[in-house]
Amino acid sequence: MYTHVFKNVYFRFCLLFIACYLYRMFSQTHCIYSDCFLLCILVIGLETLTSKYGDTIEIPCNKGQLKETDVTLVKWKYEGGNILVKQMDQNATISPDVNYKNRVSIKKDFSLVITQVTMTDQRTFTCMVVEKDDILEYPVQFQMIKEICILWYYISLYFRFLFLLITAIKINTNVDVDKETRLSTTTSTLEYTAVKEDIDAKFTCQVQHIKSANMDSSPLVFTVNYPTEKVDLQVVSQGPFKEGDNVTLKCTADGNPPPSSYSFYINGEKKTVDSNIYTLTNVTRENTGDYKCSLVDNEDIVASVPITVEYLDVVLSTTGKIVKKLGESLEVTVDVKASGAAQTSWKKGNAKLNSLSKFDKLTYSDSGMYECVVSMAGLKKTRTFELVVEGPPVIKNLIKERGEGMAKVLKCVAEGSPKPTVQWSVNGTSAESAYEHGKVTYSITIVPNGNLTVSCTASNVLGSDIKSIDVSARKYQKDEYSDQTPLAVGIVVGLMLAVVAIGLAYWLYMKKSRQGSWKTGEKEDGSVEESKKLEESQNQKADV
């Protein structure tokens, strides 16, 4: 790979032109401006070709602009020897010059090709062209590119790099040149004063060449040793911690290499271990406090960390199974001792309760399983008790309903705890409902042959209760109260009609009695004879 370069063309042209002009003036020659211009053109036309060591180069003759029909002979030479000659319609003749006889050839456009260029090839090569009417020469200068640049890269903190540039960095460069090949070997050495910030720094050397890609060395990391200046104590285990947990402490130092052993201070007691790990097992609330670690040989370099062991104690005034009598009172209290604010909630069975207040008068519905849940900082304690409200049986109701055909269904509703059992005074088909809140309903289906009285007896370990009911054998009657309803209605209607009739008769009597008194002008009481007449008149109306 090579490059053609014109060096300072404008500047050289001006200098040569001025020199030619002055020479013409003072020497009184016949050099004219055109001659000066031609001289300048010849000088500034000197081409420069550059390439790397070992490349193959191609040196053009008159920039490759020769016409083959105008050329008789082409000769390539250099100062001190010939290289080759090429006559038209003949093969090129290569000179026996030991420097080029095995490395040169000529192309169709008369360019000279040289392989495996070395430092000794740095010279001016001239292409001499013989035409029919003239002889021309085209010189070309070849130069080997040998300049290199070595850079050092420090991969670390930016401010540390600036510090190195200002104070602690030193670079030494040495160049050795081979006498035979004239090739150079460049060595660059970087010196600096390391500090602890350089422990992870990477150093890279880069070689830059104008005609090749940059080459980087592999990163190099140096070991930097420095003493410990401080330690750090960490709690490795995940908190919050509760009683019974294990807590692991880790002590680290900033020195390199780090210490192999540390001193831990547990509850004020110094414990030296050949590790940077210490584990507290089965901690309790007494383990709450500050913990420390330090260097074994320097207790002034120390670090500490606080540890809190959470605890939660719950005491319920009532536990297990509690049996109370119907109507009694009950008060349940909760005593909570905790390392922080605790939350308390209540449940009865699966139902949540806002709170558990004092039971002033217990009922059967208060019976059940109660659960108290206290929680704090990941801790939870549950306390339970079972409340049983007991009482002797009480029959709340005894009713009868119409069944199929002549059948009657009797229902006995009993309340009590433990659950009451029922005995009927008659035989029949029995059934019972679910026992809820101390209440249960027993039923029996019977077909009475006549009117009878049926008794229901409810009992448990605390007592018994009995009730009776009259049952009629009449068909199509729902119950005894339903059988007497038409009779009662007839009696009430008859009494009402009788009262109306008596009232009406009394009113008519009084009306006629007053009319007779007005006619005779006598007293309202009248005579005995008038009374008889009035009585006869009323009897006649009654007969009608």
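Residues numbered from 1 in each chain as written. Predicted model: local features only at pLDDT ≥ 70, side-chain atom pairs only at ≥ 80, totals over all residues. Heavy atoms only, no water.

**Let's talk about the overall build of the protein**
Moving on, step 1. Per the secondary structure count, the protein includes 6 helices and 37 strands.
Moving on, step 2. Taken over 544 residues, the protein has a buried fraction of 30%.
Moving on, step 3. Pairs at least 24 apart in sequence give 57% of the contacts found in the protein among residues at least 6 apart.
Moving on, step 4. Surface exposure of the protein reaches about 34700 Å², of which carbon and sulfur atoms provide 53%. (Helix = DSSP H or I, 4+ residues; strand = E, 2+ residues; numbered from the N terminus. Buried < 20%, exposed > 50% of the residue type's maximum accessible area, 1.4 Å probe, protein only. Contact = heavy atoms within 4.5 Å. Areas by Shrake-Rupley, 256 points an atom, 1.4 Å probe, with all protein chains shown as cover.)

**Brief notes about the sheet that holds strand S36 (residues 452–460)**
Moving on, step 1. On the basis of which strands lie adjacent, the open sheet formed by 3 strands has the order S33-S36-S37 and antiparallel pairing. Only two strands of the sheet have a single partner each, and these edge strands are strand S33 (421–424) and strand S37 (463–471). Neighbour to neighbour, the strand axes of the sheet diverge by 20° on average, direction disregarded.
Moving on, step 2. In this structure, S33 lies alongside S36, joined through 4 bridges in antiparallel fashion. Its bridge partner being in S36, Thr421 is matched across the sheet by Ser459. (Pairing = 2+ DSSP bridges. Axes fitted to C-alpha atoms, helices over the stretch in contact; angles between N-to-C directions.)

**Notes on the confidence of the model for the protein**
Moving on, step 1. Looking at the protein, the pLDDT average stands at 81 and 79% of residues meet or exceed 70.
Moving on, step 2. Between residues 476–483, whose pLDDT stays under 50, and residues either more than four places distant or in other chains, the model counts 20 contacts.
Moving on, step 3. Confidence drops under a pLDDT of 50 for residues 517–531, and excluding neighbours within four residues, the segment shows 6 contacts in the predicted structure. (pLDDT = per-residue confidence, 0-100.)

**Observations concerning the sheet that holds strand S21 (residues 277–280)**
The strands making up a sheet are joined through hydrogen bonds of the backbone, oriented either antiparallel or parallel.
Moving on, step 1. With antiparallel pairing, the 3 strands of this open sheet are ordered in space as S16-S18-S21. The open sheet is flanked by strand S16 (231–235) and S21, the only strands paired with a single partner. Averaged over all neighbouring strand pairs, the angle between strand axes comes to 20°, with direction disregarded.
Moving on, step 2. Sheet topology places strand S18 (residues 247–253) next to S21; 4 bridges connect them, and they run antiparallel. Note on S21: the bridge partner recorded for Lys250 is Ile277.

**Examining the side chain of Glu310**
Moving on, step 1. With respect to the helices and strands, Glu310 occurs in strand S24 (residues 309–310).
Moving on, step 2. Among the polar contacts made by the side chain of Glu310, one reaches the side chain of Ser339 at a distance of 2.3 Å.
Moving on, step 3. Filtering out sequence-adjacent residues up to four positions away, Glu310 remains in contact with Pro240, Phe241, Lys242, Glu243, Ser339, Met376, Ala377 and Leu379. (Polar contact = N/O pair within 3.5 Å; in protein donor to acceptor, adjacent residues only side chain to side chain.)

**Describing the state of the cysteines**
Moving on, step 1. Throughout the structure, instances matching the rule amount to 3 disulfides.
Moving on, step 2. The residue that forms a disulfide with Cys61 is Cys127, at a sulfur-sulfur distance of 2.0 Å. Where Cys61 bonds to Cys127 through sulfur, the torsion about that S-S bond is close to -75°, and the disulfide is left-handed. Of the two residues, Cys61 sits in the loop between strand S3 (57–59) and strand S4 (71–78) while Cys127 sits in strand S9 (residues 124–131), which places them 66 residues apart along the sequence.
Moving on, step 3. Owing to a relative accessible area of 0%, Cys127 belongs among the buried residues under this scheme.
Moving on, step 4. With its sulfur 2.1 Å from that of its partner, Cys412 forms a disulfide with Cys456. Judged by the torsion about the S-S bond (-85°), the Cys412/Cys456 disulfide is left-handed. With Cys412 in strand S32 (residues 408–417) and Cys456 in strand S36, this pair connects stretches of sequence that are 44 residues apart. (Disulfide = S-S within 2.5 Å.)

**Considering the environment of Leu353**
Moving on, step 1. Locating Leu353 in the fold gives a position in strand S29 (residues 351–353).
Moving on, step 2. On the basis of relative accessible area, Leu353 is assigned to the partly exposed category, the value being 27%.
Moving on, step 3. For the pair Leu353 and Tyr370, spaced 17 residues apart in sequence, the C-alpha separation works out to 9.7 Å.
Moving on, step 4. Residue contacts for Leu353: discarding those within four places in its chain leaves Trp346, Lys347, Lys348 and Tyr370.

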